[in-house]
Each structure stands twice: as C-alpha cells, then as structure tokens.
Amino acid sequence: MVKRLAIALALLLATLLVLLLYLPEMRPQPPVSMASGAVAIGGPFTLVDAKGETVTDANLKGRYSLIYFGFTNCPDICPLALQTMTQALEAAGPAADGVQPVFISVDPERDTADALAGYIANFHPRFLALTGTVEQAREAAKSYKVYAAKAPVKDADGKETGDYTVNHTGYIYLMDRDGKYLAHFPSEAKADEITAAIRQLPHG
Ligand code: NI
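Residues numbered from 1 in each chain as written. Predicted model: local features only at pLDDT ≥ 70, side-chain atom pairs only at ≥ 80, totals over all residues. Heavy atoms only, no water.

Asker: Before we go on, may I ask you to explain the overall build of the chain in this structure?
Answerer: Looking only at helices and strands, one finds six helices and nine strands in the chain. Counting only residues that meet the buried cut, the chain has 38% of its 204 residues in that class. The long-range fraction of contacts in the chain, counting pairs at least 24 apart against all pairs at least 6 apart in sequence, stands at 67%. When the accessible surface of the chain is split by element, carbon and sulfur atoms take 59% of a total near 11,900 Å². (Helix = DSSP H or I, 4+ residues; strand = E, 2+ residues; numbered from the N terminus. Buried < 20%, exposed > 50% of the residue type's maximum accessible area, 1.4 Å probe, protein only. Contact = heavy atoms within 4.5 Å. Areas by Shrake-Rupley, 256 points an atom, 1.4 Å probe, with all protein chains shown as cover.)

Here it is in structure tokens:
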C-alpha cells in the first residue's frame, strides 16, 4: 500500500515537473533574453535614409532614440503614432534634444527614399526615416521583434483589388544611447506619457 502510494506520488511529481518545464514554452513568450534579463529588442540593421545615405544601428548610438516601424500608406495608425512622437518631443523641451526620432519602413517596396522624404516632412523635423531592400527591412524588423506581413486588400465582394496593406506591430520603442531597449509605448499612447519618459532620462 505504501509502495503504491509512493509510486503514485512519484508519478504526480514527475507530471508536475514536466508541466512546469514545458508549459511556459507553449505560451507566447515576451522577447526576454534569459541570459541577461534584458529585453532583446533592438540590434543590428543596415538601411538607407530619405536621402539614400546608408544608416546602421551604429549611427543611432550616443543618443537616445524613439523608434517606430510602419509604412507611409498606412491610413491611420502610423500617422497617429508619428504625430504622437512629434508632440511628445515638442513638449519635452530641451530634454528632447538628446532623443533621435526614427521611422523605419515595413513596406520597403513602396517606401522608396523619395517617398519617405515627402511623408516624413509631415512630422517632427528631426525625424530620421529609414527604408532599404526587402531583406534589409526584414532584418531591421527582426532585430526589434517587429511583426510585419503584407495582406491583400479586398473589395466589397471579397475580391482582391491588387492593392495590399501591411499588418504590423505598432509599438513606439525608447532605446538608450547604446541602442538597448528602455521602454515601449502602444501606438495609441498619449504624448504626455512619452514626454514624461523622455524627461526622466539621464541627460547630459
Ligand atoms: Ni501602420
């Protein structure tokens, strides 16, 4: 009897152990690097700016950056996020001088350097707008754990129009001077929240 109980108990413990070990793997994981405890957002990229000049992650170092991934044909969410970033920087006063706003395209096929130049002029004058080849844009999105996928636009009858939109992650990332993740805000965040975060950064 005791032996049977012991076996049952051992089985139960083994089951619990398996559940403990493997269940977390089955859940969607936040992009946390277990080794350092730091959030693994940010990393290498090579893109071009609105003038066609090459810009890499190294160019962002030495300053804070406020980064948003989107595309110029986005009807509402992207312009709202870029407007919010603009307002947040304007409201932060001198503290904003140490922060580089960055827009990275998830639609490099349509977002040429010229297209970016026209578009980004609607927002903060210091915005760095970046695009590249499809592969370069994909690498940049991957570094920031940004999901982006083309989706065909359909008409009222459900027929594909030949046009496409891009479904994408819409976080605004605040990165430190080494290009490491500090915080993120949803695309619909209030400018005040971002302004407060910028003011709290160690400056100087
Ligand atoms: Ni968008």
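Asker: Explain the layout of surface pockets here, please?
Answerer: Empty space among the atoms becomes visible once a probe the size of a water molecule is rolled across them. Its boundaries defined by the atoms lining it, the largest pocket holds a volume of some 240 Å³. Where the lining of the largest pocket is concerned, the elements lending two or more residues are α5 (134–143) and β6 (148–154). Ranked by residues supplied to the lining of the largest pocket, first place goes to α5 with four residues. Residues belonging to the lining of the largest pocket are distributed by class as follows: ten nonpolar, no polar and four charged. (1 Å grid on protein atoms, 1.4 Å probe; cavity = no way out; pocket = protein on both sides within 12 Å on 5 of 7 lines; lining within 4 Å. Points joined across faces, edges and corners; volume = space filled by probe spheres on them. Nonpolar A, V, L, I, M, F, W, Y, C, P; charged D, E, K, R; others polar.)

Asker: I tried to follow the coordination of the nickel ion on my own but got confused; where do I start?
Answerer: Each angle at a metal carrying four tetrahedral donors should ideally be 109.5 degrees, and each at a metal carrying six octahedral donors should ideally be 90 or 180 degrees. Binding of the nickel ion to the protein goes through Cys74 (SG), Cys78 (SG) and His168 (NE2), at separations of 2.2 to 2.3 Å. Between the donor residues of the nickel ion, the gaps in sequence give the motif C-x3-C-x89-H. Take cysteine 78: its relative accessible area is 0%, and that puts it in the buried class. (Donors = N, O, S within 2.8 Å, 3.2 Å for Na, K, Ca; no water.)

Asker: Just to check I follow, could you spell out unusual backbone geometry for this structure?
Answerer: Backbone geometry follows two general trends: most residues other than glycine have a negative phi, and most peptide bonds adopt the trans configuration. For lysine 145, which is not glycine, the phi torsion reads 55° and is therefore positive. On the secondary structure map, lysine 145 appears in the loop between α5 and β6. Look at lysine 145 and you get partly exposed, because its relative accessible area is 42%.

Asker: Help me understand the pattern of salt bridges in this model?
Answerer: Pairing between side chains of opposite charge can happen when the charged atoms of each approach one another. For the coordinates displayed, the defined rule picks out four salt bridges. Where aspartate 163 meets arginine 110, a salt bridge forms, and the shortest distance between an N and an O atom there is 3.2 Å. Linking aspartate 163 in strand β7 (residues 160–168) with arginine 110 in the loop between β4 (99–105) and α4 (113–120), this pair joins segments that are 53 residues apart in sequence. With a relative accessible area of 39%, aspartate 163 lands in the partly exposed category. (Salt bridge = Lys/Arg side-chain N within 4 Å of Asp/Glu carboxyl O.)

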